[in-house]
Amino acid sequence: MRHLLPTLKELTRTDMLIYDDFSVSGLPPLPVHPDSDTMADRPVFVRSAAGKAYLYPVSFDQPGSLSEGGSTSMSSSTSAPSSRSLPHHIMLPVPMIPPTLELVQIIPMFSKSPYLIVTNDRDEWSGYLSASDIMKSMHQAHRLMEAYLETTLETAGSALSLINEEANVAYWTSGAEHIFSISKTDIIGQPAANFFPPERLQSLKTLYTGETVYRKQHQPRPDLFALINARPVRLDGRIVGAVAAEVDITTEIRLHQELLHMTSKVQHLEKAVARLRPETDPFARIKGSSPTIRQCQETIRKISTTPATVLILGESGTGKELFAKAIHDLREPQTAPFIAINCGAIPASLFESELFGYEKGAFSGADPKGKKGKIELADGGTLFLDEIGEMPSELQVKLLRVLQERSYFPVGGTRIKQANCRIIAATNQDLPAMIARNQFREDLYYRLNVINLIIPPLRLRKEDIYELTQTFLQEFSLLYNRHIEVIPPEVFKLLFQYDWPGNVRELRNVIERLTILTMDGEVKPEYLPESLTPSAEIHHDESVLISVAGKRENTTRSDAAPAQHPPASYQQQVDAYEGQLLLQYLEAAGGNKRTLAKQLGISRATLYNRMKRLGLKSV
């Protein structure tokens, strides 16, 4: 809008009269023709011998005879003839300025004189500026700017509002009138808090904090939803107002809520139908299209052509049971049972009766009718043994007999039963390492490991994070009745940077957390767990591990004097000692990072990041 302001050249006038008065001790009377308005039209200046400019004192009466030759125009100056003398102190000095100044520099000078003399590059008088001309031109420029601004704001289409430094409404467009049903005449000049709850006004927050928002969902009133852009108005480094542009999305939100409600009903119906008619696609619940997942699916298709025992290997949280169910669905009839048992969740004293069942009266407190075991319940289908590495040693022998002879005895029973089910086992343990430590039977391992399926951790298939996130987001949006359209790129960036030691289960928990904390439809990075913030994690990591190293050093070298090393060398020594200490602890934990992380009181992700920084390899 600066082009609307007049230039100095446009405002410079040349219709002035000049007296050369070298003594500046007295002034001649001003010549005026009877029919002339010279005094009103043209200013008269006096140029002193020193080159300074003074304004002719036209406000005083000048009696005496007037001579036409006593004045000159700008092109021909003449010495002032001797006349009635006026005191020097009533002469008003006129500032002289070069033509290169800006208007903002010139305007304060009019406080000393109603005129300014403009000089050229040779210090000659080239014209003058009038305060009245400046005021008229600035007023016209202001009117033009106001017309342009008002037309622009009204053409924008959205509800635009402006509040001033006192939090009063300074501008209110027709769009705002339409959305909020408040007329301009009623709200302009009034405090915005008189019409809206202050805690719901983003404009007030922007005014007081300087916060800038873009497409943020908010509720200026309980019955109204809007997307708002807000930005503070700054002048000379301070906030003098706030402008907001809002778009009404109340209808869209209500439609979306209705859609969520209907979608929830449809999902309940789909689940009911699914119980009556199993899904035709066995991979429907396995989300992801990465090469590793496609390879797993291809392996499952090959496995499904045989009744062989399958061992599924993978870290905790990778969804091993989903893959086991996919194998079952592919190779068994729709009516075949799928029975899952977690070998690590059942006490050893009860595990045998859970797996094999018991006859009536088998032991005190037992069901007098007896109870079927999981093997019998899985008859004609699949028995899924999850966390097989946690199975008690004494039961490993009995399970081996079932796998070898396909038969077993219930607890307290004398009649042999046939095991007519396919076995799928899963574990996140390193079974060969457990065999070496005599914690798992080698013969059972080879009986289970006829065909193995390795499920990749999430950190090796990060391209599936987007699809998994969208699936979980839809699930929890329906569950908690939250309106979340998208997850912003900066949040996805943090999701992709994280290594996910808890795998898909951890991602699902994080998305549930985001859904719960997102009340206004806008997912923010600060809603993520602290473990997903690299800076916080490293800081916590260093403080914990260095403190561990420090304790060990204090116990071994309590009397030693501190070594005199430069800071860099000292840090290298600390890192080397800390790395050695970590390796010792890891070896003592049998190479199990999960156990070590628990001992140190940190997450596995923190441990991985620390080992990577110290250049340590897995043991």
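Residues numbered from 1 in each chain as written. Predicted model: local features only at pLDDT ≥ 70, side-chain atom pairs only at ≥ 80, totals over all residues. Heavy atoms only, no water.

Moving on, we get to the layout of surface pockets. Approximately 950 Å³ is the volume found for the second largest pocket. Together, 32 residues line the second largest pocket, and Asn428, Gln429, Asp430, Gly591 and Asn592 are the ones closest to its centre. Of all the secondary-structure elements, those providing two or more residues to the lining of the second largest pocket are α14 (431-436), α21 (593-600) and α22 (604-613). (1 Å grid on protein atoms, 1.4 Å probe; cavity = no way out; pocket = protein on both sides within 12 Å on 5 of 7 lines; lining within 4 Å. Points joined across faces, edges and corners; volume = space filled by probe spheres on them. Helix = DSSP H or I, 4+ residues; strand = E, 2+ residues; numbered from the N terminus.)

Another aspect to go through is the packing of aromatic side chains. Following the criterion strictly, the structure yields 13 aromatic pairs and no others. Geometrically, the ring pair formed by Tyr115 and Tyr128 is edge-to-face, given 5.8 Å between the ring centres and 70 degrees between the ring planes. Of this pair, Tyr115 sits in strand β6 (residues 115-119) while Tyr128 is found in strand β7 (residues 125-130), placing the two residues 13 residues apart along the sequence. Tyr128 sits in the buried class, given a relative accessible area of 1%. Pairing Tyr466 with Phe492 gives two aromatic rings, centres 5.2 Å apart and planes at 35 degrees, and the pair type is tilted. Linking Tyr466 in helix α16 (residues 465-480) with Phe492 in helix α17 (residues 489-497), this pair joins segments that are 26 residues apart in sequence. (Phe/Tyr/Trp six-rings, centres within 6.5 Å; stacked < 30°, edge-to-face > 60°. Buried < 20%, exposed > 50% of the residue type's maximum accessible area, 1.4 Å probe, protein only.)

In spatial order, the strands read β5-β6-β7; together these 3 strands make up an open sheet with mixed pairing. For this open sheet the edge positions go to β5 (96-97) and β7, each flanked by a neighbour on one side alone. By the bridge criterion, 2 bridges tie β5 to β6 in an arrangement that is parallel. Bridging across to β6, Met96 finds its partner in Ile117. (Pairing = 2+ DSSP bridges.)

Turning our eyes to something else, we now look at helix α4 (residues 131-155). Helical periodicity: at 3.6 residues per turn, an α-helix aligns residues three or four positions apart in one direction. Taking 1.5 Å per residue, 25 residues should reach 36 Å; α4 reaches 36 Å between its end C-alpha atoms and fits that length. Taken residue by residue, α4 has Ala131, Asp133, Ile134, Ser137 and Ala141 as its buried positions. The inward-facing, buried residues of α4 abut α1 (8-11), α3 (103-106) and β7. (Expected span 1.5 Å × (residues − 1). Contact = heavy atoms within 4.5 Å.)

Turning next to empty space enclosed by the protein. Applying the stated criterion across every chain yields a total of 2 cavities of 30 Å³ or more. Of the volumes computed, that of the largest cavity is approximately 150 Å³. Forming the boundary of the largest cavity are 17 residues, of which Ser161, Trp172, Leu201, Ser203 and Glu246 lie nearest the centre. Broken down by secondary-structure element, the contributors of at least two residues to the lining of the largest cavity are β8 (159-164), β9 (169-172), α5 (174-180), α7 (202-209) and β10 (213-221). Here the element with the most residues in the lining of the largest cavity is β8; it accounts for 3 residues. A per-class count over the lining of the largest cavity returns 12 nonpolar, 4 polar and 1 charged. (Nonpolar A, V, L, I, M, F, W, Y, C, P; charged D, E, K, R; others polar.)

Within the structure shown, the criterion is met by 19 salt bridges. Among the salt bridges present, the one from Asp15 reaches Arg13, with a minimum N-O distance of 2.9 Å. Among the residues examined, Asp15 registers a relative accessible area of 26% and is labelled partly exposed. Using a relative accessible area of 32% as the deciding quantity, one classes Arg13 as partly exposed. Here Glu165 makes a salt bridge to Arg238, at a shortest N to O gap of 2.4 Å. Pair noted here: Glu165 is in the loop between β8 and β9 and Arg238 is in strand β12 (residues 238-248), with a separation of 73 residues, a long-range link. The exposure class of Glu165 is partly exposed, given its relative accessible area of 37%. Residue class for Arg238 comes out partly exposed when judged on its relative accessible area of 43%. Through salt bridges with shared partners, a single ionic network connects Arg13, Asp15 and Asp133. (Salt bridge = Lys/Arg side-chain N within 4 Å of Asp/Glu carboxyl O.)

What follows covers the nonpolar core. Residues Phe351, Ile375, Leu383, Leu385, Ile388, Phe440 and Leu448 are the most contacted members of the largest nonpolar core, which totals 31 residues. Of all elements in the fold, only β14 (338-342), α11 (348-356), β17 (382-386), α13 (393-405), β20 (422-427), α14 and α15 (442-448) reach the threshold of two or more residues within this core. No other element matches α13, which puts 5 residues into this core. Those residues in contact with Phe351 that sit more than four places away from it in its chain are Ile341, Asn342, Cys343, Ile346, Met391, Pro392 and Leu395. (Core = buried A, V, L, I, M, F, W, Y, C linked by side-chain atoms within 4.5 Å.)

So, on to the sheet that holds strand β11 (residues 224-235). The antiparallel open sheet is built from 5 strands, whose spatial order is β9-β8-β12-β11-β10. Each edge of the sheet is formed by a strand with only one pairing partner; in this case those strands are β9 and β10. Strand-to-strand twist in this sheet, taken as the mean axis angle between neighbours without regard to direction, amounts to 30 degrees. Bridge count for β8 against β12 is 6 bridges, and the pairing is antiparallel. (Axes fitted to C-alpha atoms, helices over the stretch in contact; angles between N-to-C directions.)

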